[in-house]
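# Coordinates in review
In case you want the letters, here they are:
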Amino acid sequence: MPGHIKALLLLSCVALIASCATAAQNTAPSSIELPARAVWDKPSSKVTRDGRAIAYAEYGAPNGIPVIFMHGGPGSRFEGAIFDKAAKQANVRIIAPDRPGLGESDMADEVSLRTTAEDVLFLAKQLELDRPVLMGWSGGGVPAVVTGGREPEAFAGVISLAGYTRLDREELEAMVPEPDQTAMQTMKKHPWRFRQFFRLTRFTARRLSGTYWRTLVRDASEPDKQVYATEGMREFLMTDQKESLRPGIDGIVADAKLSYAPDWGFETTTSCVRLHIYHGTDDTRVPLAFAKDLATRFPEANLHVIQDVGHMFPITHAEVLVARARELWETRDASCTSRP
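Residues numbered from 1 in each chain as written. Predicted model: local features only at pLDDT ≥ 70, side-chain atom pairs only at ≥ 80, totals over all residues. Heavy atoms only, no water.

### Comments concerning the overall build of the protein
Note the threshold: Only DSSP runs of H or I reaching four residues or more are called helices, and only runs of E reaching two or more are called strands; each is numbered from the N terminus. Here's how the labels work: a residue is buried when its accessible area is under 20% of the maximum for its type, exposed when over 50%, partly exposed in between, all with a 1.4 Å probe on protein chains only.
Counting secondary structure elements, the protein contains 15 helices and eight strands. Relative to its full complement of 340 residues, the protein shows a buried share of 61%.

### Thoughts on the pattern of salt bridges
The cut-off we apply is this: Here, a salt bridge means any side-chain nitrogen of Lys or Arg that lies within 4 Å of a carboxyl oxygen of Asp or Glu.
Within this structure, the stated rule accounts for 25 salt bridges. Note that Asp119 and Arg52 form a salt bridge whose closest N and O atoms lie 2.9 Å from each other. Linking Asp119 in helix 4 (residues 113-126) with Arg52 in strand 2 (residues 52-60), this pair joins segments that are 67 residues apart in sequence. Under the relative-accessibility criterion, Arg52 is labelled buried at 13%.

### Re the nonpolar core
For soluble globular proteins, the rule of thumb is that nonpolar side chains tend to be buried together. Here is the rule we go by: Put simply, a nonpolar core is a bunch of buried Ala, Val, Leu, Ile, Met, Phe, Trp, Tyr and Cys residues held in one set by side-chain atoms that sit within 4.5 Å of each other. Contacts are assigned to residue pairs that have any heavy atoms within 4.5 Å of one another.
One finds Phe83, Met135, Leu161, Met233, Phe236, Trp264 and Phe298 to be the most contacted residues of the largest nonpolar core, which totals 104 residues. In this structure Phe83 touches Phe69, Ile94, Met135, Leu161, Pro314, Ala318, Leu321 and Val322, once residues within four positions along its chain are discounted.

### Quick look at helix 4
For clarity, the threshold we go by: To estimate how far a helix should extend, the number of its residues minus one is multiplied by 1.5 Å.
Between its first and last C-alpha, helix 4 extends 20 Å over 14 residues, near the 20 Å set by a 1.5 Å rise per residue. Within the sequence span of helix 4, burial applies to Leu113, Thr115, Thr116, Ala117, Asp119, Val120, Phe122, Leu123 and Ala124. Immediately downstream of helix 4, the backbone of Glu128 shows phi near 55 degrees, a positive value.

### What to know about a positive patch on the surface
Under the convention used in this document: To count toward a patch, a residue needs a relative accessible area over 30% and no salt bridge; like charges are then connected within 9 Å, while nonpolar side chains (Val, Leu, Ile, Met, Phe, Trp, Tyr) are connected within 5 Å. The protein chains shown are the only cover counted for residues, whose accessible areas, like all others here, come from Shrake-Rupley with a 1.4 Å probe. Charge assignment in this entry is limited to Lys and Arg as positive and Asp and Glu as negative, and neither His nor the chain termini are counted. The atom standing in for a charge is NZ when the residue is Lys, CZ when it is Arg, CG when it is Asp and CD when it is Glu.
A contiguous patch of positive charge, built from Arg206, Arg207, Arg214, Arg234 and Lys242, is present on the exposed surface. Listing elements by their share of the positive patch, those giving two or more residues are helix 8 (191-207) and helix 11 (233-245). Along the chain, Lys242 turns up in helix 11.

### Some points on the sheet that holds strand 4 (residues 92-97)
The pairing of strands in a sheet comes from backbone hydrogen bonds and takes either a parallel or an antiparallel form. Test applied: For two strands to pair, DSSP has to find at least two bridges joining them. Under this scheme, a helix contributes an axis fitted over its contacting stretch, all axes are lines through C-alpha atoms, and angles between N-to-C directions fall in the 0 to 180 degree range.
Within the open sheet, the eight strands sit side by side as 1-2-4-3-5-6-7-8. Their pairing is mixed. The open sheet is flanked by strand 1 (45-49) and strand 8 (301-306), the only strands paired with a single partner. Put simply, the sheet's adjacent strands are angled 25 degrees from each other on average, direction ignored. Examined bridge by bridge, strand 3 (residues 65-70) and strand 5 (residues 133-137) share four bridges and lie parallel to one another.

### Topic: the confidence of the model for the protein
Detailed reading of the predicted coordinates is not advisable wherever pLDDT is low. The test is simple: In predicted models, pLDDT denotes the confidence assigned by the predictor to each residue on a 0 to 100 scale.
Chain-level statistics for the protein give a pLDDT mean of 89 and a share of 89% at 70 or above. Counted against residues more than four places away or in other chains, residues 1-30, with its pLDDT under 50, gives 81 contacts.

### Focus on the side chain of His276
The condition is simple: What qualifies as a polar contact is a pair of N or O atoms within 3.5 Å, subject to a donor-acceptor requirement within protein and to the restriction that residues adjacent in sequence count only when both atoms come from side chains.
Looking at the secondary structure, you find His276 in strand 7 (residues 275-280). Looking at His276, its side chain comes within polar contact range of the side chain of His304, at 2.8 Å.

### Topic: the packing of helix 9 (residues 209-217) against helix 11
Cut-off, in case you're wondering: An angle below 35 degrees is treated as roughly parallel, one above 145 as roughly antiparallel, one from 65 to 115 as roughly perpendicular, and anything else as oblique. Residues are grouped as follows: Ala, Val, Leu, Ile, Met, Phe, Trp, Tyr, Cys and Pro are nonpolar; Asp, Glu, Lys and Arg are charged; all remaining types, including Gly, are polar.
Between helix 9 and helix 11, the least distance of the axes is 11 Å, while the angle of their chain directions is 105 degrees. It follows from the interaxial angle that helix 9 and helix 11 lie roughly perpendicular. Facing Ser209, Gly210, Tyr212 and Trp213 of helix 9, the residues of helix 11 in contact are Met233, Arg234, Leu237, Met238, Gln241, Lys242 and Leu245. Split into classes, the residues belonging to the contact of helix 9 with helix 11 amount to six nonpolar, three polar and two charged.

Right under this line is the structure:
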């Protein structure tokens, strides 16, 4: 393969990462405080579905209001730790599962939005959760929205954080930024090359972590650069990436396709799921237009545009998001036409 093609593949694949990072040359906001490594780098808990392990981690208050957090892509259960402090203060319990083939969850024979929803429902049942709130960040946004949209009676509501919308129109596909645009088109036309993206991603994350980090941060917005300059952020994000990619590439290849799926398997305009959509004005990874489009698709959607933040705002706005989750759960018996 020509060298410039290899370079393109490398740059494309690593920039696909939703949990991005940036060069640590900027002054980090003083309000950011990452949890200690012992909080997130610990053995997972597991439930077994049809002989397949679904791994998850818990943060916040052990007996608090239940919230199932769906990580970015690539990503892992470690990401739920960003809510640990706020969740403890608000008496909220964060359950953060690894999706199939990522982290410590076994790969599934089929990975789709339908099977992802089934896994989440199974986990909620096994843990005896009372209508948990779903929260999904970046690559976890579409899985969370689809899971809640398909089964609104099973959940108190859904919170989408910097996620995609349903890419069922050409004009929406055209808004996908580069290099994700190239990756999406490659997935459709050359599946084998799509896999190459993630082979290179995994190799770089594991063997050339400095290169991986520098490539990830290159196109970050200024607000995100400040977040990534936080002490310990590189260690946290790179450990998360390596954990996600540790089992191999089958899981992340299948998981990446979820955000690009044009068919969600249900009619959004008739779903009574209560949906809160948060997006930053300075997000260079996922267009704000996606949040605006998503808000038009559900009758019970609420759009929250946050000024002067980028893709990583869940780290700086954890208290706000946890409070929204608590409010949704406390009003879980409200009708579909009642908005908290």
